[in-house]
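So the chains spell out like this:
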Amino acid sequence: MGVHRCRKCAAQSVIYMPQHRLALCAEHFLAWVEKSTLDFIAKHHMFEPLDRVLVAVSGGKDSLSLWRILLKSGFQADGLYIDLGIDAGGAYSKRSGEYVRKFWRTFAPESQLHVLDLASLYGKTVPEMAGRRAGGRKKLCSICGLVKRHEMNRVARELGYQVMVTGHNLDDEAAVLFGNTLRWDVEYLLRQAPVLPAEESGLAGKAKPLARFYERETAAYAIVSNIDYIEDECPFSKGATSLRHKEVLNSMENGSPGTKLQFYHSFLRARKKGIFPGYERPVLQACPKCAQATGIPGLCAFCRLTTDAEKSIGEEIL
Amino acid sequence: MVKVHFRGSEIETPGKMTVRELMKSLGLNPQSVLAVVDGNLVSNETRLSDQGEIKLISVISGG
Ligand code: SF4
Ligand SMILES: [Zn+2]
Ligand SMILES: [Zn+2]
């Protein structure tokens, strides 16, 4: 196979995307990603040009690329970094926060960066909340996810953002979809969408503007944009099921380009048509302490976690 | 020889191949890595120059 030329200008390409049969040079690749993101935001009615958008940034390639794209496109987008207090011998959270701050100084000096330090707010880091002996990585990650969701929601609502966006890419979404499908977890399947509108029950609107890009493309966008991001993974992600699912999907993709794209898009179409008719979402109620929506009566899982700090909470709740 | 940087380690490998061939020879899925030469992203069809250096970046994030 010869070197692909950019489809727009015939210069030497920096990336070839077999699923689109599209090769682009650096300049046209950036333009393509930005335009596609705007189209995706409009198509799914994620937010409007004048909305205030809160970007959940982790220091990784996806969320920083997303912030960059939104700012370049003229959106009023501020950042939220949650310091989870993950160290595991490599100062992971501390280093991630440094990448976020560096990005902010370089690319977003006019925007706000909200930094939320769990240890100083709640007296405990995520690993401490999960308890030292209690239950291993899986439980740690579910507590981590719970805390992140709750805090993003809280900050978005308290500070009056119309929508909260995350950097999830198509590989993330396809891996989750793959897992949910293997278990035929209908409740999760029905909830998986690139956009979830704000509900009265105390949840902010949520959107995933990069959910149409392969992970390879969001990484390429960061590299071509000279965004410095944390390349290594959270030490607790080792052995995660989602990583195995990604590997499986990527080996299928390698044999037939477009597999992941089709898997995810066909699902979205089916979902729109109403797969699983007759299935009703559980009724949500407001947590008496934090007012966020919860499916269980009484305190929500987050409030139980942070109120009852002494107990090794995860067990009953998750 | 081509010097390959990947996940904090260095590997030397005979040159005269494309980036894609290099990825395959290292057992990497071309879907999950990108190649950077002199700070610039290069496509998988790029032919490596002997005595060059290349950095491979894993694009898969988990959790
Ligand atoms: S892998 Fe790390 S960041 Fe991701 S959910 Fe688990 S603990 Fe949290
Ligand atoms: Zn071009
Ligand atoms: Zn609560």
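Let us look at the structure shown here. (Residues numbered from 1 in each chain as written. Chains lettered and ligands numbered in written order. Predicted model: local features only at pLDDT ≥ 70, side-chain atom pairs only at ≥ 80, totals over all residues. Heavy atoms only, no water.)

1. Let's talk about the packing of aromatic side chains
All names here are of chain A. Enumeration according to the criterion identifies eight aromatic pairs over all chains in this entry. With 6.2 Å between their ring centres and 25° between their planes, phenylalanine 29 and tryptophan 32 make a pair best called stacked. Of this pair, phenylalanine 29 and tryptophan 32 both sit in helix 1 (residues 26–43), three residues apart, which is roughly one turn of the helix. There is no split in this pair, since phenylalanine 29 and tryptophan 32 are both buried. Ring pairing ties together the aromatic residues Phe29, Trp32 and Phe213, which thus form one cluster. For the cation-ring pair, arginine 52 lies above tyrosine 161, with the distance from its terminal atom to the ring centre recorded as 4.1 Å. (Phe/Tyr/Trp six-rings, centres within 6.5 Å; stacked < 30°, edge-to-face > 60°. Helix = DSSP H or I, 4+ residues; strand = E, 2+ residues; numbered from the N terminus. Buried < 20%, exposed > 50% of the residue type's maximum accessible area, 1.4 Å probe, protein only. Lys NZ or Arg CZ within 6 Å of the ring centre and 35° of its normal.)

2. Observations regarding the sheet that holds strand 2 (residues 9–13) of chain B
Here five strands make up an open sheet; going across it, the order is 2-1-5-3-4 (chain B) and the pairing mixed. Unpaired on one side and paired on the other, strand 2 and strand 4 (40–42) of chain B mark the two borders of the sheet. Recorded for the sheet is a direction-independent mean angle of 35° between the axes of neighbouring strands. Direction of pairing for strand 3 (residues 33–37) of chain B relative to strand 5 (residues 53–58) of chain B: antiparallel, over a ladder of four bridges. Considered in strand 5 of chain B, the bridge of Val36(B) is made with Lys55(B). On top of the sheet, helix 9 (residues 215–224) of chain A reaches strand 3, strand 4 and strand 5 of chain B; it is set at about 20° to strand 3 of chain B, its chief contact. (Pairing = 2+ DSSP bridges. Axes fitted to C-alpha atoms, helices over the stretch in contact; angles between N-to-C directions. Contact = heavy atoms within 4.5 Å.)

3. Description of a negative patch on the surface
Residue and element names in this part refer to chain B. A cluster of acidic side chains, namely Glu10, Glu12, Asp38 and Glu53, defines a negative patch on the protein surface. With respect to the secondary-structure elements, glutamate 10 resides in strand 2. Glutamate 10 gets classed as exposed once you look at its relative accessible area, which sits at 52%. (Patch = residues over 30% accessible without salt bridge, like charges linked within 9 Å, V, L, I, M, F, W, Y side chains within 5 Å. Areas by Shrake-Rupley, 256 points an atom, 1.4 Å probe, with all protein chains shown as cover. Salt bridge = Lys/Arg side-chain N within 4 Å of Asp/Glu carboxyl O. Lys, Arg positive; Asp, Glu negative; His and termini not counted. Charge placed at Lys NZ, Arg CZ, Asp CG, Glu CD.)

4. Quick word on the coordination of the zinc ion (ligand 2)
Residue and element names in this part refer to chain A. Within the protein, Cys6 (SG), Cys9 (SG), Cys25 (SG) and His28 (ND1) serve as the donor atoms for the zinc ion (ligand 2), at 2.1 to 2.3 Å. Taken together, the four donor atoms coordinating the zinc ion (ligand 2) span angles of 97 to 114° at the metal, a pattern that classifies the geometry as tetrahedral. All donors of the zinc ion (ligand 2) come from a single chain, and their spacing in sequence reads C-x2-C-x15-C-x2-H. Here histidine 28 lies in helix 1 and cysteine 6 lies in the segment before strand 1 (15–17), a separation of 22 residues in the sequence. What makes cysteine 6 buried here is its relative accessible area of 4%. (Donors = N, O, S within 2.8 Å, 3.2 Å for Na, K, Ca; no water. Tetrahedral: all angles 85-135°; square planar, octahedral: opposite > 155°, others 65-115°.)

5. Some remarks on unusual backbone geometry
Residue and element names in this part refer to chain A. With phi around 50°, alanine 88 is a residue other than glycine that occupies positive phi space. Residue position: alanine 88 is located in the loop between strand 4 (76–83) and helix 3 (92–107). A positive phi angle, close to 50°, is found at alanine 91, a residue other than glycine. With respect to the helices and strands, alanine 91 occurs in the loop between strand 4 and helix 3. The class for alanine 91 is partly exposed, based on a relative accessible area of 25%.

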